[in-house]
Amino acid sequence: MKSVVSCSNHLALPRKVEAAKAGRIMGRISLQDGKEFAGDLRVAPNVYNALKNGDPVVALESTVISHGMPFPQNLQTAKALEAVLRQNGATPATIAILDGVPYIGLNDEQLERLAKLGSNAQKIARRDISHVVAARGNGATTVSATMFFASKVGIPIFVTGGIGGVHRHAEQTLDISSDLTELGRTPVTVISAGVKSILDIPKTLEYLETQGVTVAAFGTNVFPAFFSESSGCQVPCRLDSPEECARLINANMNLSLGSGILIAVPIPKEHAASGYMIESAIQRAIQEAKDKNVTGNAVTPFLLSRVNELTGGASLAANIALLKNNAYVGSKIAVALANIRRPVKNNSVRSAI
């Protein structure tokens, strides 16, 4: 007889939920304060139910809310991204740590709280998770931390703006984003607009290859550079539809490769036209950051803010546009993947791939 956790509302859930390849939640499950728990993670009920049923779920990071733009535009953007996902058939799961508790899925009140905290919330990569939880602090997850939590509960797809990478002159500084190593060890697919040109894109792609990460571009043969449609670097894999993306993700899951996938989506053409102006501002901001000795994880927020000032808000508009576009593409991929994976739940025999 299976052990269960009995809840005050008489809902009984299995104490151990198998880490199903169909995407169920791992660990001990209980119900408290209307939220589901998986071990030490608090999972919103709608996210939990979607995962349990094999419905499409897409993870969202929270640094775009706290550090990506000012209030109230950050809150408006966060809600808009979630709305895009819902409108296209996927359940959004924005991830953050509040009062030391990791949340997988935020409600409107929590989104607003994080938006108002802004940069007073700690920017959290994988290395920071234990400290923020132990200190009962508030933190916004970057790509690496979001991937970690998404993987813990079986969310296979994560949408963001751009990922971190190998910084220029990394051969002297060893400044390489933990996003890249996370992609090498965490089986979550990241949908992004590539990486920003403030980074060394060729070295970033080389590092991803070393980490065993499949890098694909959506509808193009070249890797996008966030504000620009092309970095000039070829990609080893081109995907032209959400169904092709879903088949790639499904194969990666079935083979248990243990590594993630990066699917790079070019910025929409109508916003890429301002890319040249933005690139010029980026180069100026990079020099200013160097002159002011801005280092570490403070570099990206500084550059984004300064570039927005130099471009009169054009970079922020482009940033929001590509975020929404990535959410749209990510939702379509998540729906296609769920359609592939559902038969897996109901059949005990299946192909290896």
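Within each chain, residues carry numbers counting from 1 in the order of the written sequence. Given that this is a predicted model, residues contribute local features only at a pLDDT of at least 70 and side-chain atom pairs are listed and counted only at 80 or more, while totals for whole chains, interfaces and linings are drawn from all residues. Note that water and hydrogens are dropped before the side-chain values are worked out from all heavy atoms of the structure.

Asker: Report on the overall build of the chain, specifying residues and quantitative values.
Answerer: Only DSSP runs of H or I with at least four residues qualify as helices, and only runs of E with at least two residues qualify as strands; both kinds are numbered from the N terminus onward. Counting secondary structure elements, the chain contains 14 helices and 15 strands. When burial is assessed residue by residue, the chain has 55% of its 353 residues classed as buried. Taking as baseline every contact in the chain between residues at least 6 positions apart, the subset at least 24 positions apart corresponds to 69%. Put simply, the chain shows about 15600 Å² of open surface, and 50% of that area lies on carbon and sulfur atoms. Think of it in three bands: residues with accessible area under 20% of the maximum for their type are buried, residues over 50% are exposed, and the middle band is partly exposed, with areas taken using a 1.4 Å probe on protein chains only. It only takes one pair of heavy atoms within 4.5 Å for two residues to be counted as in contact. Each accessible area is a Shrake-Rupley estimate made with a 1.4 Å probe; only the visible protein chains count as cover when residues are assessed.

Asker: Would you mind going over the pairing of strand E13 (residues 214-218) in detail, with residue names and values included?
Answerer: Of all the five residues making up E13, four are buried; the element is thus mostly covered by neighbouring parts of the structure. Here, a strand pair is defined by DSSP locating no fewer than two bridges between the strands. Note: E13 against strand E15 (residues 261-264), four bridges, orientation parallel. By the bridge assignment for E15, Val-215 is matched with Leu-262. Pairing between E13 and strand E14 (residues 237-239): three bridges, direction parallel. Paired with Ala-217 across the strands is Arg-238, a residue of E14.

Asker: Now, about the pattern of salt bridges: what can you tell me, with residues and values included?
Answerer: Every case where a carboxyl oxygen of Asp or Glu lies within 4 Å of a side-chain nitrogen of Lys or Arg is listed as a salt bridge. Scanning the model with the defined rule gives 13 salt bridges in all. A salt bridge links Arg-113 to Asp-99, with the nearest nitrogen and oxygen atoms 2.9 Å apart. With Arg-113 in helix H4 (residues 108-117) and Asp-99 in the loop between strand E7 (91-98) and strand E8 (101-104), this residue pair connects regions lying 14 residues apart in the sequence. Residue Arg-113 is classed as partly exposed on the basis of its relative accessible area, which comes to 33%.

Asker: Tell me about the nonpolar core, residues and numbers included.
Answerer: What is meant by a nonpolar core is a set of buried Ala, Val, Leu, Ile, Met, Phe, Trp, Tyr and Cys residues, joined one to another through side-chain atoms within 4.5 Å. Grouped together as the largest cluster of nonpolar side chains are 103 residues, with contacts concentrated most on Val-47, Ile-104, Ile-155, Phe-223 and Ile-263. Among the elements that line this core, the one with the most residues is helix H14 (residues 314-346), at 11 residues. Boundaries of every domain are those given by an automatic assignment or by a domain database. Shared between two domains, this core holds at least three residues of each, these being domain 1 (38-155) and domain 2 (162-341). Every residue in contact with Ile-104, bar those within four places of it in the chain, is listed here: Leu-41, Arg-42, Val-43, Ala-44, Val-47, Ala-93, Thr-94, Ile-95, Phe-149, Val-153 and Ile-155.

Asker: Please set out the confidence of the model for the chain residue by residue, giving values where relevant.
Answerer: Residue-level confidence of the predictor is summarised by pLDDT, bounded by 0 at the bottom and 100 at the top. Mean pLDDT over the chain works out to 85, with 84% of the residues at or above the 70 mark. Under a pLDDT of 50 for its full length, residues 1-33 has, in the predicted model, 68 contacts with residues more than four places off or in other chains. Note that residues 347-353 has pLDDT below 50 and, in this model, nine contacts with residues that lie over four places away or in other chains.

Asker: I'd like to hear about the environment of Pro-72, residue by residue, with values.
Answerer: With respect to the helices and strands, Pro-72 occurs in the loop between helix H2 (63-66) and helix H3 (73-87). Taking C-alpha positions, Pro-72 is 7.9 Å from Lys-116, a pair spaced 44 residues apart along the chain.

Asker: Before we move on, could you go through the side chain of Asn-326 and cite the residues and values that matter?
Answerer: With respect to the helices and strands, Asn-326 occurs in helix H14. At a separation of 3.5 Å, a polar atom in the side chain of Asn-326 contacts the main-chain carbonyl oxygen of Gly-161. Beyond its immediate stretch of four places on either side in the chain, Asn-326 contacts Val-159, Thr-160, Gly-161, Ile-191, Ser-192, Ala-193 and Val-265. By the criterion applied in these results, polar contacts are pairs of N or O atoms within 3.5 Å in which, for protein atoms, one can donate a hydrogen and the other can accept it, and in which residues neighboring in sequence qualify only through two side-chain atoms.

Asker: Hey, could you go over unusual backbone geometry for me, with residue numbers and the actual values?
Answerer: Omega for the peptide link from Phe-71 to Pro-72 comes to 5 degrees, which places this bond in the cis form. Of note in this structure, Asp-99 is not a glycine but carries a positive phi near 55 degrees. Its identity is not glycine, yet Arg-136 carries a phi of approximately 55 degrees, on the positive side. By secondary structure assignment, the location of Arg-136 is in the loop between helix H5 (129-134) and strand E10 (139-141). Classification of Arg-136 as exposed rests on a relative accessible area of 67%.

Asker: So, the packing of helix H8 (residues 178-185) against helix H9 (residues 201-210): which residues are in play, and what are the values?
Answerer: For helices, the fitted line uses only the C-alpha atoms of the stretch in contact; every axis is such a line through C-alpha atoms, and the angle between N-to-C directions lies from 0 to 180 degrees. The interhelical angle for the contact between H8 and H9, taken along N-to-C directions, is 30 degrees, at an axis separation of 9 Å. Taken together, the axes of H8 and H9 are roughly parallel relative to one another. As for how H8 packs across H9, the hand of that crossing is right-handed. Contacts between H8 and H9 involve Leu-180, Thr-181 and Leu-183 from the former and Thr-204, Tyr-207 and Leu-208 from the latter. Of the residues contributing to the contact of H8 with H9, the split by class is four nonpolar, two polar and no charged. An angle below 35 degrees is read as roughly parallel, one above 145 as roughly antiparallel, one from 65 to 115 as roughly perpendicular, and any other as oblique. Two helices crossing with the near one rotated counterclockwise from the far one by less than a right angle form a left-handed crossing, whereas a clockwise rotation gives a right-handed crossing. Note that Gly is not counted as nonpolar here; it falls among the polar residues with everything else outside the nonpolar set of Ala, Val, Leu, Ile, Met, Phe, Trp, Tyr, Cys and Pro and the charged set of Asp, Glu, Lys and Arg.

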